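If you want the building blocks of each chain, they are given just below.
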Amino acid sequence: MIRLMQASDLAAVSQIENLVQTHPWTKNQFEESINSHVSTVIEQDHQVLGFCILQPVVDEANLLLMAIHPSQQGKGLGYQLLDESIALLKNNPVQIFLEVRESNKAAIALYEKSEFHQIDLRKNYYPKPEGGREHAIIMVKTCGDDFSKLFK
Ligand SMILES: CC(C)(COP(=O)(O)OP(=O)(O)OC[C@H]1O[C@@H](n2cnc3c(N)ncnc32)[C@H](O)[C@@H]1OP(=O)(O)O)[C@@H](O)C(=O)NCCC(=O)NCCS
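Here is what the cut-offs are and how they apply
- Residues numbered from 1 in each chain as written.
- Predicted model: local features only at pLDDT ≥ 70, side-chain atom pairs only at ≥ 80, totals over all residues.
- Heavy atoms only, no water.
- 1 Å grid on protein atoms, 1.4 Å probe; cavity = no way out; pocket = protein on both sides within 12 Å on 5 of 7 lines; lining within 4 Å.
- Points joined across faces, edges and corners; volume = space filled by probe spheres on them.
- Helix = DSSP H or I, 4+ residues; strand = E, 2+ residues; numbered from the N terminus.
- Nonpolar A, V, L, I, M, F, W, Y, C, P; charged D, E, K, R; others polar.
- Near = heavy atom within 4 Å.
- Polar contact = N/O pair within 3.5 Å; in protein donor to acceptor, adjacent residues only side chain to side chain.
- Sits in = over half its atoms within 2 Å of the grid points.

Caption draft 1: Highlighting the layout of surface pockets. By volume, the largest pocket is sized at about 1200 Å³. Every residue lining the largest pocket is counted, 42 residues in all, and those nearest its centre are Gln21, Met66, Asn104, Ala107 and Tyr111. Secondary structure elements with two or more residues in the lining of the largest pocket: helix 1 (10-20), strand 4 (60-68), helix 3 (77-87), strand 5 (95-101), helix 4 (105-113), strand 6 (117-127) and strand 7 (133-142). Sorting elements by how many residues they give to the lining of the largest pocket places strand 4 first, with 7 residues. Of the residues belonging to the lining of the largest pocket, the class tally is 22 nonpolar, 11 polar and 9 charged.

Caption draft 2: Quick peek at the site of the ligand. Surveying the vicinity of the ligand reveals 20 residues, the closest of which are Ile68, Gly74, Gly76, Asn104 and Lys113. Gly78 places a main-chain nitrogen or oxygen 2.8 Å from an oxygen atom of the ligand. Contact distances for the ligand include 2.9 Å between an oxygen atom and a backbone N or O atom of Tyr79. Among the cavities detected, the one that contains the ligand is the largest pocket. Within the residue set of the shell around the ligand, elements represented by two or more residues are strand 4, helix 3 and helix 4. Counting residues per element, the shell around the ligand draws most heavily on helix 4, which supplies 6 residues. Per-class residue counts for the shell around the ligand are 12 nonpolar, 6 polar and 2 charged.

Listed below in structure tokens is the structure:
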């Protein structure tokens, strides 16, 4: 089930984030995102298995962060979570933007499957855990030509 994130999810969300990110968001950042963004979780058997944070801005949106617990990756949950979280955006965005580390092949493949494509490259944008920096790939998904939106 995919639903809006609640304060009671913060411990589980933060735990997943700490498992998957070298520069994790803090619990406070997640707490703020419950109020200021469209923050969702995917849960099964009352266990939070992943989360997604989307930031609506006028008639667009930014995908700020998403993750699936490492033990649950590769089962289609990330794709389902992203797709259903986008559908929850009330501003009906024309375009959705994101940036992703060039080395994050799993995320890039997920985004491509979700119909995002690269529009730019920010050179040496992210610090690498082992030192040095890596490029950020900027991707966009155009939603405006989605015919089904006419009937929303
Ligand atoms: C990126 C992430 C959210 C994907 O979630 P997931 O549940 O594992 O992805 P799914 O099982 O839904 O896979 C969807 C598609 O993504 C691609 N994909 C997923 N994992 C992949 C991998 N390890 N290698 C290559 N492609 C992969 C595939 O195209 C897949 O579609 P397919 O199964 O039809 O081939 C997950 O790997 C994750 O949490 N990573 C750590 C955090 C992160 O990098 N977040 C994104 C940047 S903020």
